[in-house]
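# Examination of the molecular architecture
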Amino acid sequence: MPSDSINLYGRVLVTGNIRAVTGLHIGKGKEGVMIGGVDNPVMRDALSNQPYIPGSSLKGKLRSLAEKRDPKAQPNMNIGTAKAKVRIHVCNDPTCQVCTIYGIPGQEGAQAPTRLIVRDVFLTEESVRHLSALNLDQPFTEVKYEASIDRITSEANPRPLERVPAGAVFGPFELVFSLYKEDDCRLLRNLFEAMRLLEDDYLGGSGSRGSGKVRFEDLSITIRPVAAYAGEEVAAISFTAEDTQALRHQEDAIVAAAGQVLAS
Ligand SMILES: [Zn+2]
């Protein structure tokens, strides 16, 4: 088979929960704030009014950490609006792991489909019950006041920041990794590493001031060969890990199992 052919061999589903170890602020910017509303509001699901983690936020963060980790993947492109410019790395090199996994904006010049899909993550039912029972400032959230201190007068200028309280659990999250090419199984290590990097970094805003520490928990990795989608009886290949540290010990086996699917 020619090396540039695109053929789906299977998918790897990485699922589990995301725990907010500290308060989590995934903001939607200042636009759309009503009079009397909170400054710095969090993203909320339109139907349930509950805060959630947009897949784009999670994917963007994993990508940025993978870029920082990879000396070849230097930022070279601005995306977003003039007001909210984001520098990312984009290239056409088929050996670039970042662009292969996370894709190229608009898919321009893409050599192959983006490997990774990241779904939106909603609060677990248990967290919804728990947060509903608390006497919070806003539905499901707290308002934290962060003060900037005037260097001359030492006067504090408190700014409100809406956060999902520490301890809230979102899940299940779902990362869907498609297997197209022989080496794709090895890219899974890059993804798992980005998850671990995120745990020592932050998700959302105000991370350098304490918000956004998250933990991936109760992980489950399922490899689904393409025949399973056709309705054939295919034995499920599943792995579980309590957290990303435990996942380390499973990685060789996961990569090998994904490699078998690619070789079939
Ligand atoms: Zn690249």
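Structure shown above.
Residues numbered from 1 in each chain as written. Predicted model: local features only at pLDDT ≥ 70, side-chain atom pairs only at ≥ 80, totals over all residues. Heavy atoms only, no water.

Before going further, it helps to examine the packing of helix α4 (residues 184-199) against helix α7 (residues 251-263). Following both chains from N to C, one finds α4 and α7 inclined at 145°, their axes separated by 8 Å at the closest point. The crossing of α4 and α7 is right-handed. Residues Asp 184, Cys 185, Arg 186, Leu 188, Arg 189, Phe 192 and Arg 196 of α4 form the contact with α7, whose own contacting residues are Glu 251, Asp 252, Ile 254, Val 255, Ala 258, Gly 259 and Leu 262. Looking at side-chain class alone, the contact of α4 with α7 contains seven nonpolar, one polar and six charged residues. (Axes fitted to C-alpha atoms, helices over the stretch in contact; angles between N-to-C directions. Helix = DSSP H or I, 4+ residues; strand = E, 2+ residues; numbered from the N terminus. Left-handed = near helix turned anticlockwise from the far one by under 90°. Contact = heavy atoms within 4.5 Å. Nonpolar A, V, L, I, M, F, W, Y, C, P; charged D, E, K, R; others polar.)

What follows is about unusual backbone geometry. Going from Gly 171 to Pro 172, the amide bond is cis rather than trans, its omega being 0°. If you trace the backbone, Pro 172 turns up in strand β9 (residues 169-179). We note that Asn 49 has phi near 65°; this positive angle belongs to a residue other than glycine. Among the residues examined, Asn 49 registers a relative accessible area of 38% and is labelled partly exposed. (Buried < 20%, exposed > 50% of the residue type's maximum accessible area, 1.4 Å probe, protein only.)

When strand β7 (residues 142-149) meets strand β8 (residues 156-163), the two strands line up antiparallel, connected through eight bridges. In the sheet register, Tyr 145 faces β8, and the bridge partner there is Pro 160. The hairpin turn running from β7 into β8, its antiparallel successor, is six residues long, and Ser 154 in that turn takes a positive phi close to 60°. (Pairing = 2+ DSSP bridges.)

Spatial ordering of the open sheet is given by β5-β9-β1-β10-β11, a layout of five strands whose pairing is antiparallel. The open sheet has two edge strands with one neighbour each: β5 (116-118) and β11 (237-243). Going from strand to strand, the sheet's axes swing by 15° on average, the running direction of each strand aside. Here three bridges tie β5 to β9, and the two strands are oriented antiparallel to one another. Opposite Val 118, over in β9, you have Leu 175 as the bridge partner. Relative to the sheet, helix α1 (residues 55-69) contacts β1 (10-20), β5, β9 and β10 (214-225), its axis offset from that of β5 by approximately 135°.

Read these as geometric descriptors, not functional statements.
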